[in-house]
Amino acid sequence: MYLSKDIDQRFTQHRNKFKGFVSYRSIATRLRNTFKGIDNLKFKVVKFEELDVNEFSVGGLYDQTTDMKYVILNLSKYSEEMLFDGHLWKDFSFLVSQTIQHETIHQDQFKHREDCDEEAEIDFKFTPLDTVEDRYYLSDNDEIDAYAHDIAMEIKHFYPLRNPYEVLKSISSKRKLPSFSYYKNTFKGCEWGGIKKRLLLKTYKWIPHV
């Protein structure tokens, strides 16, 4: 989308707040302050036994009934703080940016549809889908659009010195693109040529805008 520049500027301005050991509660609070002025955006911390100290992942969801975007910080249950060194900050800030933009795409998609009045019950603790459910999920046009944006971001993030369109041409051999790997592994053993074509076409169209 056109959000990367604004998000990067906000992170640069607030970088000093994410140095050294920072408590989980402070991480969420400082992210809220970093993105003050952006409506309908909330940050949630969820703890997992499966994550070691200083391991993390970032997830997200968009609730169309309340028009709210959530960024979910999956952190280790065995600590109450994270150590922000340069490497971790680079990964953390990229994933938060990517998630905000992914969910904003879903927000924009729903703006062009009829209102949804059905109340949704939100579970912030991620439950993995099985392979069949994953395939249905990743086949959805809305998800193809949002994940194509993720892939375009990852191309520029992980291959900053390469021509992004050249990376896209040889994407099947690239190992640093987790969103494309998610698709490739989910559809392994299946005929997914049509889905792959749509995904890569969308990625091509997103590249100039990330």
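Calculation criteria
Residues numbered from 1 in each chain as written. Predicted model: local features only at pLDDT ≥ 70, side-chain atom pairs only at ≥ 80, totals over all residues. Heavy atoms only, no water. Core = buried A, V, L, I, M, F, W, Y, C linked by side-chain atoms within 4.5 Å. Buried < 20%, exposed > 50% of the residue type's maximum accessible area, 1.4 Å probe, protein only. Helix = DSSP H or I, 4+ residues; strand = E, 2+ residues; numbered from the N terminus. Contact = heavy atoms within 4.5 Å. Phe/Tyr/Trp six-rings, centres within 6.5 Å; stacked < 30°, edge-to-face > 60°. Lys NZ or Arg CZ within 6 Å of the ring centre and 35° of its normal. Expected span 1.5 Å × (residues − 1). Polar contact = N/O pair within 3.5 Å; in protein donor to acceptor, adjacent residues only side chain to side chain. Pairing = 2+ DSSP bridges. Axes fitted to C-alpha atoms, helices over the stretch in contact; angles between N-to-C directions. Parallel < 35°, antiparallel > 145°, perpendicular 65-115°, else oblique. Left-handed = near helix turned anticlockwise from the far one by under 90°. Salt bridge = Lys/Arg side-chain N within 4 Å of Asp/Glu carboxyl O.

## A closer look at the nonpolar core
Residues Ile171, Leu177, Phe180, Tyr183 and Leu199 are the most contacted members of the largest nonpolar core, which totals 24 residues. Broken down by secondary-structure element, the contributors of at least two residues to this core are α5 (141-158), α6 (164-169), α7 (178-186) and α8 (193-206). It is α5 that provides the largest number of residues to this core, a total of seven residues. Phe180 has contacts with Ile151, Glu154, Ile171, Ser172, Trp192, Lys196, Leu199 and Leu200, leaving out every residue within four places of it along the chain. Counting 22 residues, the second-largest nonpolar core is a separate cluster that includes Ile27, Leu41, Leu73 and Met82.

## A few points about the packing of aromatic side chains
The geometry of an aromatic ring pair comes down to the distance between the two centres and the angle between the two planes. Tallying each qualifying case throughout the model produces 20 aromatic pairs. Taking 6.1 Å as the distance between ring centres and 40 degrees as the angle between the ring planes, the aromatic pair formed by Phe180 and Trp192 counts as tilted. Pair noted here: Phe180 is in helix α7 and Trp192 is in the loop between α7 and α8, with a separation of 12 residues, a long-range link. Since its relative accessible area comes to 0%, Phe180 is described here as buried. For Trp192, a relative accessible area of 12% corresponds to the buried category. Grouped by ring-pair contacts, the aromatic residues Phe11, Phe18, Phe35, Phe43, Phe56, Phe84, Trp89 and Phe92 constitute a single cluster. A cation sits over an aromatic face here: Lys176 above Tyr159, 5.6 Å from the ring centre.

## Concerning α5
With 18 residues, α5 extends 25 Å between its outermost C-alpha atoms, agreeing within 8% with the 26 Å of an ideal straight helix rising 1.5 Å per residue. One side-chain oxygen at the N-terminal end of α5 lies 2.9 Å from the backbone nitrogen of Asp142; it belongs to Asp140.

## A look at the sheet that holds strand β2 (residues 41-48)
An order of β2-β4-β3 is seen for the three strands of this open sheet, with the pairing classed as mixed. Edge positions in the sheet fall to β2 and β3 (56-63), since each of these pairs with one other strand and no more. Each strand axis lies, on average, 25 degrees off the axis of its neighbour in the sheet, ignoring direction. Where helix α2 (residues 24-34) meets the sheet, it contacts β2 and β4 (68-76), and its direction lies at approximately 165 degrees from that of β2. Packing against the sheet, helix α3 (residues 86-111) makes contact with β2, β3 and β4, and its axis sits at approximately 15 degrees to β3.

## Quick notes on the side chain of His14
Locating His14 in the fold gives a position in the loop between α1 (4-13) and β1 (20-23). Given the relative accessible area of 14%, His14 is considered buried. In contact with His14, other than residues within four places in its own chain, are Asn33 and Thr34.

## A short note on the packing of α3 against α5
For the pair α3 and α5, the least separation of the axes is 9 Å and the interaxial angle reads 155 degrees. It follows from the interaxial angle that α3 and α5 lie roughly antiparallel. α3 and α5 meet at a crossing whose hand is right-handed. Of α5, the residues touching α3 (which contributes Lys90, Phe94, Ser97, Gln98, Gln101, His102, Ile105, His106 and Gln109) are Asp142, Glu143, Asp145, Ala146, Tyr147, His149, Asp150, Met153, Glu154, His157 and Phe158.

## Section: the pattern of salt bridges
Under the definition given, this model contains five salt bridges. Between Glu80 and Lys47 there is a salt bridge whose closest N-O contact spans 2.5 Å. Within this pair, whereas Glu80 is found in the loop between β4 and β5 (81-84), its partner Lys47 is found in strand β2, the two being separated by 33 residues in sequence. Two residues, Lys169 and Glu166, come together in a salt bridge whose shortest N-O distance is 3.6 Å. Linking Lys169 with Glu166, this pair stays in helix α6, spanning three residues, or about one helical turn. Since its relative accessible area comes to 68%, Lys169 is described here as exposed. Residue classification places Glu166 among the partly exposed positions, given a relative accessible area of 40%.

## Let's talk about unusual backbone geometry
At Asn40, a position not held by glycine, the phi torsion is positive, near 60 degrees. Residue classification places Asn40 among the partly exposed residues on the basis of a relative accessible area of 27%. In this structure, Asn54 is a non-glycine residue whose phi angle is positive, near 70 degrees. Summarising the element assignment, Asn54 is placed in the loop between β2 and β3. With relative accessibility at 24%, the residue Asn54 sits in the partly exposed group.

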